Amino acid sequence: MTRAETLPRTGDVTVTQTAFRKALLDPQQAVPDGLTNPDGQQASKRFSVYRNNVVHGLSEAMLTGFPVLAKLVGDEFFREMAKVYLRIHPPTSPLMMHYGAALPGFLESFPGTLHLKYLPDVARLELALRRAYHAGDAAPVNPDDLTKLDHRALMATRLQMSPASEVLVTKWPAKAIWDFNMKGGPQPKGGGETILISRIGFDPVAELLPDGGARFVNSLIKGCSFGTALGLATADTPDFDLTATLGVLIATHSIIGIDKPD
Amino acid sequence: MLDIAHDNTLPNGAGVGYKPQHFAALIDNPGTVSWLEIHAENYMGDGGRPMAQLRHLAEHFPISVHGVGLSIGGETRLDPEHLARLKRLVDWLNPAMFSEHLAWSTHDGAFLNDLLPLPYTTNTLTRITAHINEVQDHLGRKMLLENPSSYLAFAESTWSEPDFLREVARRTGCGLLLDVNNVFVSATNLDFDPRAYIDAYPLDLVEEFHLAGHDEDADEMGRKLLIDSHGTPVDEPVWTLFDHVIARAGARPALVEWDNDVPDWDILEAEAARATRHMEPALAAQVSA
């Protein structure tokens, strides 16, 4: 029925998906034999439609997923960097919502951005914000339920943490950089941060935790009792500010359940 | 499973590919849009705004779940994790329809985020049949298989695309999704008559139509090369081909896809309204018949 069917065969040329895939991601590779235009001739430009689709689709997905990184290096540079990245780290699943997980490590050694040492931390923050966006739903506890517990009950309690909550410890002021670029915050300065990422309603949030906050919150996430988490945090940081940390956890809707001991 | 009040089947009217930026406008004024399609892979997160919007939409519209990541045309086995994710979504949403592509997208552990072509041979027929059987068994429902848009031909192909699709459907019991724009794009790129393709197509197995825009380019020989870009209005010759399809097949649920340079809601709704208008004579005949 189609013209292609009536054409003389160019031979039994099987194009494997391994060959197709290799040529897709590597523009230096020749187009596999056996792919033709309607006249049975080699179809290089036609193959490059697929090449362009793959590169364009993946680099645009990264541009959408890392808005602050793209702003820091410029969209044009970001797209060129994404082209290098996607050839080394193509997606490993069809869930594009999480694509780019290896970008922080990639940026640690990418020659084009070695002088921008804060980029990997910014990438980590943007990935965490995306994870929070897609995390499971949970309603925050009423803070009164926490404050009305006496000391002994509180220490024995296990707090259930929101599936959106995680802690990021950075070498560079990633949240300050994010705020400066997305919310018109003050000029970023200083060194590393301890950042709590969570979600209020449907909107991801990032807030700074005081010293010792990472140990405390990570212990809660692991399922330690309140008392154990507090002990671990104060062992590391004798002047750990529990009140400030709890304030951040409550404000960010990070506590979703209070398991009292039997 | 979601508790849905409306009749959970796709009506013989126009639907659109859902875009989150249209959420408020669509709820406010759906116009002639009577059903929605979502891409399965965008709704495989655990929760958050996307899932909440989908739950809300499903209460108001029949939903067609369109997969872009199963890689049914892949040489290797289907990804069991992805199949499990799909089942979780379908079991929860209980959509009116599930469809996927005659294409592959994953190989050697890499998902390439594109619908890649395959030759039509006895070998690929066996493979596609096994994969569709696996999907239908796993989901516990019938699926629709969509014809691809092609930029090149495989020298090794021994089946025409309509015959290949007919045989896949015969062996698996799956239905077909006829993408009219894909037919036009492939016909231009591979130099065949799109009407002859439609005439050879098993239209009785078609349960859904797709319409979309394409871009125009040229290959190194200066031949016209159409790109299935989904970023423009449906082209006039595609509407004409759509009329030919309707004249032969009657009205079916017809979807307008617009995935890039997505316009404001009223422009997308107007495209859907046009699809409805093209089907009105056939619908009137179907009602009176």
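Residues numbered from 1 in each chain as written. Chains lettered and ligands numbered in written order. Predicted model: local features only at pLDDT ≥ 70, side-chain atom pairs only at ≥ 80, totals over all residues.

1. Quick word on the overall build of chain A
As a reminder, the rule being used: The helix count covers DSSP runs of H or I at least four residues long, the strand count covers runs of E at least two residues long, and both are numbered beginning at the N terminus. Our radius of gyration is a C-alpha quantity, and the globule rule it is checked against amounts to 2.2 Å times the number of residues to the power 0.38. Think of it as a crowd count around each C-beta: if 20 or more other C-beta atoms lie within 10 Å the residue is buried, if 12 or fewer it is exposed, and in between it is partly exposed, with C-beta placed from the backbone throughout. Throughout, a pair of residues is in contact if the C-beta atoms placed from their backbones lie within 7 Å.
When its secondary structure is counted, chain A shows 13 helices and 6 strands. For a compact globule of 262 residues, the expected C-alpha radius of gyration is about 18 Å, and chain A comes in at 25 Å, more than 25% above that figure. Along the first, second and third principal axes, the C-alpha set of chain A runs to 85 × 45 × 30 Å. A total of 262 residues make up chain A; the buried ones form 38% of that total. Sequence separation of 24 or more characterises 64% of the internal contacts of chain A that already satisfy a separation of 6 or more.

2. With respect to the confidence of the model for chain A
Selection rule: As a per-residue quantity, pLDDT reports the predictor's confidence and falls between 0 and 100.
In the predicted model, chain A carries a mean pLDDT of 94, and 95% of its residues have values of at least 70. Scored below 50 in pLDDT, residues 1-11 of chain A makes 20 contacts in the model with residues more than four places away or belonging to other chains.

3. Section: the sheet that holds strand S5 (residues 203-208) of chain A
Residues and elements named next belong to chain A. Defined as follows: The rule for pairing is simple: two strands pair if DSSP sees at least two bridges between them. All axes here are fitted lines through C-alpha atoms, helices being fitted over the stretch that makes contact, and every angle between N-to-C directions spans 0 to 180 degrees.
On the basis of which strands lie adjacent, the open sheet formed by 3 strands has the order S3-S4-S5 and antiparallel pairing. The open sheet is flanked by strand S3 (166-169) and S5, the only strands paired with a single partner. Strand-to-strand, the axes of this sheet are offset by a mean angle of 30°, without reference to chain direction.

4. Quick notes on the interface of chain A and chain B
Just so we agree on the cut-off: Each residue gets one label: Ala, Val, Leu, Ile, Met, Phe, Trp, Tyr, Cys and Pro are nonpolar, Asp, Glu, Lys and Arg are charged, and the others, such as Gly, are polar.
The interface of chain A with chain B comprises 50 residues on the first partner and 43 residues on the second. Every element with two or more residues in the side of chain A that touches chain B is listed here: helix H1 (3-6), helix H2 (17-25), strand S1 (35-36), helix H3 (44-65) and helix H7 (119-134) of chain A. The biggest single contributor to the side of chain A that touches chain B is H3 of chain A, with 11 residues. Its residues assigned to classes, the side of chain A that touches chain B comprises 25 nonpolar, 17 polar and 8 charged. Direction of pairing for S1 of chain A relative to strand S8 (residues 153-154) of chain B: antiparallel, over a ladder of 2 bridges. Bridge pairing in S8 of chain B places Leu-35 of chain A opposite Phe-154 of chain B.

5. Here we look at helix H4 (residues 122-139) of chain B
Residues and elements named next belong to chain B. Quick reminder of the rule: Helices are assigned an expected span. That span is 1.5 Å times one less than the residue count. Taken from the helix axis, the directions to the C-beta atoms give the arc we talk about.
Taking 1.5 Å of rise per residue, 18 residues should cover 26 Å, and H4 covers 26 Å from first to last C-alpha, within 8% of that figure. Of the positions making up H4, those classed as buried are Thr-124, Ile-128, His-131, Ile-132 and Val-135. Projection of H4 onto a plane perpendicular to its axis shows the buried side chains occupying an angular sector of 100°, all on one side. Exposed residues on H4 whose side chains face more than 90 degrees from its buried face are Thr-122, Thr-126 and Asp-137. Structurally, H4 contributes buried residues whose contacts are with strand S7 (144-146) and helix H5 (161-172). Gly-140 sits one or two positions beyond H4 and adopts a positive phi of about 70°.

6. Let's talk about the nonpolar core
It is characteristic of soluble globular proteins that their nonpolar side chains tend to be buried jointly. Note the threshold: For this entry, the nonpolar core is defined as buried Ala, Val, Leu, Ile, Met, Phe, Trp, Tyr and Cys residues connected by C-beta atoms within 7 Å.
In this structure, Leu-145, Val-180, Leu-211 and Val-256 of chain B are the most contacted members of the largest nonpolar core, which totals 147 residues. A per-element tally of this core places H7 of chain A first, with 8 residues. If sequence neighbours within four positions are ignored, Leu-145 of chain B has contacts with Glu-100, Leu-102, Ile-132, Leu-165, Val-168, Cys-174, Leu-176 and Leu-177 of chain B.

7. A word on the confidence of the model for chain B
When pLDDT is averaged across chain B, the result is 96; 99% of the residues are at 70 or more. Taken together, the chains of this predicted complex give a pTM of 0.94 and an interface ipTM of 0.94.

8. Notes on the environment of Ala-25 of chain B
All names here are of chain B. Along the chain, Ala-25 turns up in helix H1 (residues 23-28). Classification of Ala-25 as partly exposed rests on a count of 15 C-beta atoms within 10 Å. Residues Ala-25 and Asp-266, 241 residues apart in the sequence, show an inter-C-alpha distance of 8.4 Å.

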